[in-house]
Amino acid sequence: MSYKEVTALRKSGQLEAALEMAEQDLAREQSEWTCSAMFWCLNDMAKEQEGDALAATAARMHQLADSITDDKGYVTQSLSNIDRRLLPHRQEVEQADALSRTQGHEAEACDSLAALQESDNLDTRLHTTYAWCIYRALHADDATNALRRKRWLNNYLKLQVERPSLLHSLILGEAVRTERSTPQDFVFSTFVAMWDLANVRDDDWNQATTQDGKRIPSLIEKLISVYCKEMAVMPQLEPSDDFTRLLDQAIEKFPGNDNLPRYKAQMLIKQGHDNLAVDFYKALIAKNAGKVYLWSELAQLVDDRQLKISLLCNALLQRVQPEFVVKVRLRLATLLREAGENEQARHEIDKVKATYEQNNWRIPIEYYIEYNHLQLVTASGCDSYYAAHKKEAHDFIYGQLPSVTMVKAGVVIDEKRPGKKIAKWVMYSPTGEKTMVAARALGVPREARDGECYDITMQGRRPVAATKSAQQQHDWLRRVRGFLHLKVNREGKPYGKVEGFYIPQFMTSKLADKSLVDIVAIHTGDKWKCIAINRAENT
């Protein structure tokens, strides 16, 4: 008989006949073909066996496997599956695995195997199945029971599973969720050390996007975020070398994530490198001048009191709700009092008190400390004080960057980012180059008039700061008031004229003939170009 005939019988469901034929062939000749035919017959028979019968069949299959070439690994996989079925407690583990896939029973399934692990009766070949039960329990959990989650995570770390792997990364994600939900009850940095950052996978760096276009941070970004927040409240915690390298890689890989360089600065402060941290903050503010907390945190790093005051004044120049700057005002009040500027200091604490009272908040002790020093002082300070201190802070942040004088020629609304409308100024340089400037982000008033000149600090081709120019009159710039005369050229195309200045048709479409207007024009090349036209405010 032949291998093909045995295989045909077996696949047609005639297993007993196939076994009998395979036994006869094997008795006549022990070759790779006869051993292989018998092996696969025994493999089919084992599917219906348990206990001693299965063990006997497995033992014979192992003997036959020594005579079979296994280039594709099918023999090895078959033996592995059968050996797994012979493992102690295999049925309990597989039952728990099935239960863990049932919604609402994930924790029950996970906890049913904990005793086996604690008694060291769980074969390592069953560890991965148990590990998946732990993950499903963590993932289904609401993350409020820190004690239970820590127990599950600790049990996982004791298991012998593949690392790095998808499962290992998913467990890290659940540890991140635990830290975010119960930061007081979980030491994330200790878990990370045991998880081992050498197990980071390439996929762990992948970001995602929601249907409405919002960016979802990568697992690495989430890890860094919770690690650094824990470091900020644990003075004794020092970042590991592996974490430092990971943060540096993330800063390079995700240049759009401004939190990463801030975390780097905070880490440098913790390591005693304040001067290096200052450079990070200066670069961050150059990119995000509207973020109050950056000005405030930088003020804590510098030693010069007057510079501290200027930086905090710039924080107060940003357009944010009063509730977000009460701590800045309290710090500024202390510095002003120490500098002898008591009237402005009293102005600050009065603003603090008003904000707390409007929100029905309990006034903090820091307020009363300053009030005791300033209760006899009359508040004669004002908000214009902050603008007077803008230059010193801007020189500190942007002093090494070039600036160019530009003229405002209108406002457009940028709606490129889903759900956000950003008002941007249209600006022209003396050479006629057009630039869009996000006014609010640069701390300049949105209501500025067309035709006003601003000194725009540039970082490469990106505007990072703006201050109103001291000089408003320039040879290349004209501001003209006059009557608009609508005309038509020889080709029948409409245009306008104001005091001899040509106005293109698209700028006149909403204006009536002979209306009084204000125009802004710049001289480019050998002619004047109108860049803005508005109805005159006073007629």
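In this text, all values refer to a predicted model and were calculated from it rather than measured experimentally.

1. Describing the pattern of salt bridges
- With the rule as written, the count across this model stands at 33 salt bridges.
- The shortest N-O distance in the salt bridge between Asp25 and Arg28 comes to 2.5 Å. On the criterion of helical spacing, the pair formed by Asp25 and Arg28 is a turn pair, its members being three residues apart in helix 2 (residues 15-28).
- According to the relative accessible area criterion, Asp25 is buried, its value standing at 7%.
- Glu50 is the partner of Arg85 in a salt bridge, and the nearest nitrogen-oxygen pair spans 3.5 Å. With Arg85 in helix 5 (residues 74-85) and Glu50 in the loop between helix 3 (32-46) and helix 4 (51-65), this pair connects stretches of sequence that are 35 residues apart.
- Because the salt bridges share partners, they merge into one network encompassing Glu50, Arg84, Arg85, Arg90 and Glu94.

2. Points about the confidence of the model for the chain
- Taken over all residues, the pLDDT of the chain has a mean of 91, while the share at 70 or more is 98%.
- Across the chain, the secondary-structure element scoring lowest on mean pLDDT is strand 7 (residues 462-468), at 83, and the one scoring highest is helix 11 (residues 166-181), at 97.

3. Let's talk about the pairing of strand 13 (residues 527-535)
- As judged from the eight bridges shared by strand 12 (residues 516-524) and strand 13, these two strands associate in the antiparallel manner. Bridge assignment links Val517 to a residue of strand 13, and that residue is Arg535.
- From the end of strand 12 to the start of strand 13, which pair antiparallel, there are two residues, and Gly525 there has a positive phi angle of about 65°.

4. Section: a nonpolar patch on the surface
- Taken together, the side chains of Ile365, Tyr368 and Ile369 present a nonpolar region at the surface, about 300 Å² in accessible area.
- Summarising the element assignment, Tyr368 is placed in helix 21 (residues 365-374).

5. Section: the environment of Ser100
- When you line up the elements, Ser100 lands in helix 6 (residues 90-100).
- Judged by relative accessible area, Ser100 falls into the buried class, the value being 2%.
- Note: C-alpha distance between Ser100 and Ala137 (37 residues apart in sequence) is 7.3 Å.
- Dropping the residues within four chain positions of it, Ser100 is found in contact with His105, Glu106, Ala109, Cys133 and Arg136.

6. Focus: the pairing of strand 11 (residues 501-504)
- Pairing geometry for strand 10 (residues 494-498) and strand 11, over four bridges, is antiparallel. Of the residues in strand 11, the one forming a bridge with Tyr495 is Pro504.
- With antiparallel pairing between neighbouring strands as the criterion, strand 10 and strand 11 make up a hairpin whose turn holds two residues, including Glu499 at a positive phi of roughly 50°.

7. A closer look at the sheet that holds strand 5 (residues 434-438)
- Taken in spatial order, the five strands line up as 5-4-3-6-7 in an open sheet, and their pairing is antiparallel. Of all the strands in the sheet, the pair left with one neighbour each is strand 5 and strand 7. Between one strand axis and the next, the sheet turns by 45° as a mean value, whatever way the strands run.
- In this sheet, strand 6 (residues 453-459) lies alongside strand 3 (residues 403-414) in antiparallel orientation, the contact comprising five bridges. When the bridges of strand 6 are listed, Thr405 appears paired with Asp455.

8. Quick look at the nonpolar core
- If you look at the biggest cluster of nonpolar residues, it comprises 53 residues, and the most contacted ones within it are Tyr130, Ile134, Ile171, Phe188, Phe191, Ile224 and Phe243.
- Take this core: its biggest share by element is eight residues, from helix 13 (residues 219-233).
- With sequence-adjacent residues up to four places away left out, Phe188 is seen in contact with Leu172, Ala175, Val176, Glu179, Leu223, Val226, Tyr227 and Glu230.
- Ala289, Leu294, Ala345 and Ala393 belong to the second-largest nonpolar core, a separate cluster that totals 46 residues.

9. A closer look at helix 6
- Within the sequence span of helix 6, burial applies to Arg90, Val93, Ala96, Asp97 and Ser100. The buried residues of helix 6 occupy an angular sector of 130° when projected down its axis, which confines them to one face.
- In the core, the buried residues of helix 6 are packed alongside helix 5, helix 7 (106-111) and helix 9 (127-140).

10. As for unusual backbone geometry
- For the peptide bond that leads from Arg163 to Pro164, omega is 0°, which places it in the cis range.
- With respect to the helices, strands and loops of the structure, Pro164 is situated in the loop between helix 10 (146-157) and helix 11.
- Positioned with a positive phi, Glu499 is a non-glycine residue whose angle comes to about 50°.
- The residue Glu499 is located in the loop between strand 10 and strand 11 in this model.

11. Focus on the side chain of Glu230
- Assignment of secondary structure puts Glu230 in helix 13.
- Despite being buried, Glu230 has no salt bridge partner; Lys270 is the closest side chain of opposite charge, sitting 9.8 Å away.
- Reaching out from Glu230, the side chain makes a polar contact with the backbone nitrogen of Phe188 at a distance of 2.6 Å.

12. Some words on the sheet that holds strand 9 (residues 485-488)
- Spatial ordering of the open sheet is given by 9-10-11, a layout of three strands whose pairing is antiparallel. Edge positions in the sheet fall to strand 9 and strand 11, since each has one partner strand and no second. Sheet twist, expressed as the mean angle between neighbouring strand axes with direction ignored, is 35°.
- Where strand 9 meets strand 10, four bridges bridge the pair, whose relative direction is antiparallel. Among the inter-strand pairings, Lys487 is bridged to a residue of strand 10, identified as Tyr495.

13. Overview of the packing of helix 11 against helix 12 (residues 188-195)
- Running from N to C, helix 11 and helix 12 cross one another at 170°; their axes reach a closest spacing of 10 Å. As summarised for this structure, helix 11 and helix 12 are arranged roughly antiparallel, according to the angle between their axes. In contact with His168, Ser169, Ile171, Leu172, Ala175, Val176 and Glu179 of helix 11, helix 12 contributes Phe188, Phe191 and Trp195.
- In terms of residue class, the contact of helix 11 with helix 12 is built from seven nonpolar, two polar and one charged.

Quick notes on the rules
Residues numbered from 1 in each chain as written. Predicted model: local features only at pLDDT ≥ 70, side-chain atom pairs only at ≥ 80, totals over all residues. Heavy atoms only, no water. Salt bridge = Lys/Arg side-chain N within 4 Å of Asp/Glu carboxyl O. Helix = DSSP H or I, 4+ residues; strand = E, 2+ residues; numbered from the N terminus. Buried < 20%, exposed > 50% of the residue type's maximum accessible area, 1.4 Å probe, protein only. pLDDT = per-residue confidence, 0-100. Pairing = 2+ DSSP bridges. Patch = residues over 30% accessible without salt bridge, like charges linked within 9 Å, V, L, I, M, F, W, Y side chains within 5 Å. Areas by Shrake-Rupley, 256 points an atom, 1.4 Å probe, with all protein chains shown as cover. Contact = heavy atoms within 4.5 Å. Axes fitted to C-alpha atoms, helices over the stretch in contact; angles between N-to-C directions. Core = buried A, V, L, I, M, F, W, Y, C linked by side-chain atoms within 4.5 Å. Arc of directions from axis to C-beta. Lys, Arg positive; Asp, Glu negative; His and termini not counted. Polar contact = N/O pair within 3.5 Å; in protein donor to acceptor, adjacent residues only side chain to side chain. Parallel < 35°, antiparallel > 145°, perpendicular 65-115°, else oblique. Nonpolar A, V, L, I, M, F, W, Y, C, P; charged D, E, K, R; others polar.

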